[in-house]
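Understanding the architecture of this molecule
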Amino acid sequence: MSNTKPIWEIVDSKKPAFIELSDSVWDNPELLYREHKSVALHRQRLQEEGFRIVDRVAGIDTAVMGEAGDGGPVISILGEFDALPGLSQVAGIDEQKPLEKGGNGHGCGHNLLGAGALLAAVAVKQYLAANNIPGRVRYYGCPAEEGGAAKTFMVRDGVFADVDAALSWHPTAFSGIIPPLTLAVTMIDFRFSGRASHAAVSPHLGRSALDAVELMSVGVNYLREHVPQDARMHYAVLDSGGRAPNVVQSEATVRYSVRCLKSADLDALLERVKDVARGAAQMTGTKVDWNVVTAMSEVLDNPPLYKLLHKNMMELGPTPFDEADREFACRMQATMSPDDIEAAYLGAGVPQGDAPICDIIVPLETRGVPMLGSTDLGDVSWVVPFAQAGSATYAIGTPGHSWQVTAQGKTPAAHKGMVHVAKALAATAIDLFTDPVHLEAAKADLHKRVSSTPYVSPLPGELKPQVPA
Ligand SMILES: [Zn+2]
């Protein structure tokens, strides 16, 4: 493992600017579709590195693409840079302390994700040029992963139509591939309308939309027992119809996320949820209509590409964390519960050990207890062969979407994890450019899957990305 590869050396030679980029994005945490500073920082790096730039990809203000190289196949590396609300946190300390009360924070590590992906693309560009290899590398700066499903819109817009393979990564507790097991999801708002009335004087004239929302949740909670085991249904009341108990609520809106393992089963489940909404409307004498906010497909497996990515991670070996990294990870672990730490090992499927930060590469065939979320990378994986790496950037047990992730977003360990995975992504891209066997196998695998189950965009045709006011 002590051997080095030219592509890894290019990554190392380029890394300072990308560590700075990651830290600058961390310093400017922006929410979905509002990532104006972050995308400008990424664009500036693309420009300085000599990429051909496309702004406003798929008509989205905060999406950017940079391409380099000529001819040959197109390999894309996907980055993200959006933050989360309420996760503002001082960097590098082991206690919860917001930088700005109620402010945004990089509680999913997308500052690292974007900069690491771009670093990989930049290294590939240099390698292709230095070795006269035909091929084009593209970096896609993708906004709004958190709640905006920007990539699903980009896929619908045909952005990846001429791409031959796509790679990405995510900060994690354990280094290895990220198993392609996620849920398809549709986020949908149900709006009930009834009739306002004085709740004491003339209750019989009122038709309560809030009653309908409540009855709908009762119905869905009974439905829960009779749906596939991996289905998830959760809701938030966006508008309960007003603050006065003596006015019958004439309008109320509830947002549902309905998820299950396969897109193909999601429509049927969603139809049953709509039936519950119709029933609630009928019971209360209200009307209901609904609109889809976002939707994402599940990630499709691509064993040839995942194997290739894993091979490159194994050649690199574990991230070279040092004693100071381990000492800080230990202090962070003291902020977590034993359950958090145990869940991390169960999730990765590796036996519990003492290391506070990952010192292994999780074997390819290891499957832990899947953590079933959803990602808009799912839709990418249906139209182009796709694989995703996980790279350890924080202490084992760090909960997802937490102040602890934000706190560890600028540490030396985080930077090492980011640079390390950039080497694996770049080396995988080079393998794809230089040995056609890999691309053929990855494409054949995708072709086989979508021939039996063709891809259908989960987005209603006319739906546009919902940019928050
Ligand atoms: Zn994330």
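Now for a description of the structure that goes with this document. Everything numeric in this text was worked out from a predicted model, so none of it was measured.

Focus on empty space enclosed by the protein
- Counted according to the given criterion, the structure contains one cavity of 30 Å³ or more.
- Taken together, Ser175, Met313, Leu316, Gly317, Thr319, Ile361, Ser391, His420, Val421 and Ala424 form the lining of the largest cavity.
- Mapped onto the lining of the largest cavity, the elements with two or more residues apiece are helix 7 (303-316) and helix 12 (412-434).
- Broken down by element, the residue count for the lining of the largest cavity peaks at three residues, all from helix 12.

A look at the nonpolar core
- Of all hydrophobic cores here, the largest spans 114 residues; its most connected members are Phe160, Phe192 and Met216.
- Shared between two domains, this core holds at least three residues of each, these being domain 1 (6-181 + 298-452) and domain 2 (184-296).
- One finds Ala329, Met332, Ala348 and Val350 within the second-largest nonpolar core, a separate group that totals 23 residues.

Section: the coordination of the zinc ion
- All of the protein donors around the zinc ion are Cys108 (SG), His110 (NE2) and His170 (NE2); their distances to the metal are 2.0 to 2.3 Å.
- Each donor residue of the zinc ion belongs to the same chain, and together they define the spacing C-x1-H-x59-H. Of the two residues, Cys108 is situated in the loop between strand 3 (74-80) and helix 3 (110-130) and His170 in strand 5 (residues 165-172); the sequence distance between them amounts to 62 residues.
- Taking relative accessible area as the criterion, Cys108 reaches 14% and is therefore assigned buried.

Things to note about the environment of Ile77
- Structurally, Ile77 is set in strand 3.
- By relative accessible area, Ile77 is classed as buried at 0%.
- C-alpha separation for the pair Ile77 and Leu167, spaced 90 residues apart in sequence, amounts to 4.9 Å.
- In this view, Ile77 contacts Ala117, Ala120, Ala121, Val137, Arg138, Tyr139, Tyr140, Leu167 and Leu425; residues no more than four positions away in its chain are not counted.

Observations concerning helix 2 (residues 36-48)
- Spanning 13 residues, helix 2 covers 18 Å between terminal C-alpha atoms, matching the ideal 18 Å at 1.5 Å per step.
- Those residues of helix 2 not exposed but buried are Ser38, Val39, His42, Arg45 and Leu46. Down the axis of helix 2, the buried side of the element spans an arc of 120 degrees, and every buried residue falls inside it. Facing away from the buried side of helix 2 by more than 90 degrees, the exposed set consists of Gln47 and Glu48.
- Those residues of helix 2 that are buried lie in contact with helix 1 (6-27), strand 1 (52-55), strand 2 (64-70), helix 3 and strand 4 (135-142).
- At the exit of helix 2 stands Gly50, carrying a positive phi of roughly 80 degrees.

A look at the sheet that holds strand 11 (residues 386-392)
- Here we have seven strands laid out as an open sheet, ordered 1-2-4-3-5-11-6, and mixed in their pairing. Edge positions in the sheet fall to strand 1 and strand 6 (176-177), since each has one partner strand and no second.
- As judged from the seven bridges shared by strand 5 and strand 11, these two strands associate in the parallel manner. By the bridge assignment, Ala166 is partnered in strand 11 with Phe386.
- With respect to the sheet, helix 7 is in contact with strand 5, strand 6 and strand 11, its orientation differing from that of strand 11 by roughly 30 degrees.

Comments concerning the pattern of salt bridges
- One pass over the structure, following the stated rule, counts 29 salt bridges.
- Glu67 is the salt-bridge partner of Arg52, the closest N and O atoms lying 2.7 Å from each other. Of the two residues, Arg52 is situated in strand 1 and Glu67 in strand 2; the sequence distance between them amounts to 15 residues.
- Looking at Arg52, the relative accessible area reads 39%, which means it is partly exposed.
- Residue class for Glu67 comes out buried when judged on its relative accessible area of 11%.
- A salt bridge links Asp445 to Lys448; the shortest N-O distance between them is 3.9 Å. In this pair, Asp445 and Lys448 both sit in helix 13 (residues 436-452), three residues apart, roughly one turn of the helix.

Here we look at the packing of helix 7 against helix 12
- As a packed pair, helix 7 and helix 12 sit with axes 9 Å apart at the nearest point and diverge in direction by 130 degrees. The angle between helix 7 and helix 12 falls in the class oblique. In the crossing of helix 7 with helix 12, the sense of the turn from one axis to the other is right-handed. Residues Leu305, Leu308, Leu309, Lys311, Asn312, Met313 and Leu316 of helix 7 form the contact with helix 12, whose own contacting residues are His420, Lys423, Ala424, Leu425, Ala427, Thr428, Asp431 and Leu432.

Some remarks on the side chain of Ser175
- Examined against the element boundaries, Ser175 turns out to sit in the loop between strand 5 and strand 6.
- Polar side-chain contacts of Ser175 include one of 3.0 Å to the backbone nitrogen of Ala392.
- With sequence-adjacent residues up to four places away left out, Ser175 is seen in contact with Thr319, Cys358, Ile360, Ile361, Val362, Gly390, Ser391 and Ala392.

Here's the deal with the packing of aromatic side chains
- Taken as a whole and judged by the stated rule, the model has six aromatic pairs.
- Summarising the aromatic geometry, the rings of Phe174 and Tyr345 are spaced 5.3 Å apart at their centres and angled 65 degrees between planes, so their arrangement reads as edge-to-face. Of this pair, Phe174 sits in the loop between strand 5 and strand 6 while Tyr345 sits in helix 9 (residues 338-348); the two residues are 171 residues apart in sequence, bridging distant segments of the chain.
- The class of Tyr345 is buried, set by a relative accessible area of 6%.
- Between the aromatic rings of Trp382 and Tyr455, the centroid separation amounts to 5.9 Å while the plane-to-plane angle is 35 degrees, which identifies the pairing as tilted.

Calculation rules
- Residues numbered from 1 in each chain as written.
- Predicted model: local features only at pLDDT ≥ 70, side-chain atom pairs only at ≥ 80, totals over all residues.
- Heavy atoms only, no water.
- 1 Å grid on protein atoms, 1.4 Å probe; cavity = no way out; pocket = protein on both sides within 12 Å on 5 of 7 lines; lining within 4 Å.
- Points joined across faces, edges and corners; volume = space filled by probe spheres on them.
- Helix = DSSP H or I, 4+ residues; strand = E, 2+ residues; numbered from the N terminus.
- Core = buried A, V, L, I, M, F, W, Y, C linked by side-chain atoms within 4.5 Å.
- Buried < 20%, exposed > 50% of the residue type's maximum accessible area, 1.4 Å probe, protein only.
- Domains from an automatic or database assignment.
- Donors = N, O, S within 2.8 Å, 3.2 Å for Na, K, Ca; no water.
- Contact = heavy atoms within 4.5 Å.
- Expected span 1.5 Å × (residues − 1).
- Arc of directions from axis to C-beta.
- Pairing = 2+ DSSP bridges.
- Axes fitted to C-alpha atoms, helices over the stretch in contact; angles between N-to-C directions.
- Salt bridge = Lys/Arg side-chain N within 4 Å of Asp/Glu carboxyl O.
- Parallel < 35°, antiparallel > 145°, perpendicular 65-115°, else oblique.
- Left-handed = near helix turned anticlockwise from the far one by under 90°.
- Polar contact = N/O pair within 3.5 Å; in protein donor to acceptor, adjacent residues only side chain to side chain.
- Phe/Tyr/Trp six-rings, centres within 6.5 Å; stacked < 30°, edge-to-face > 60°.

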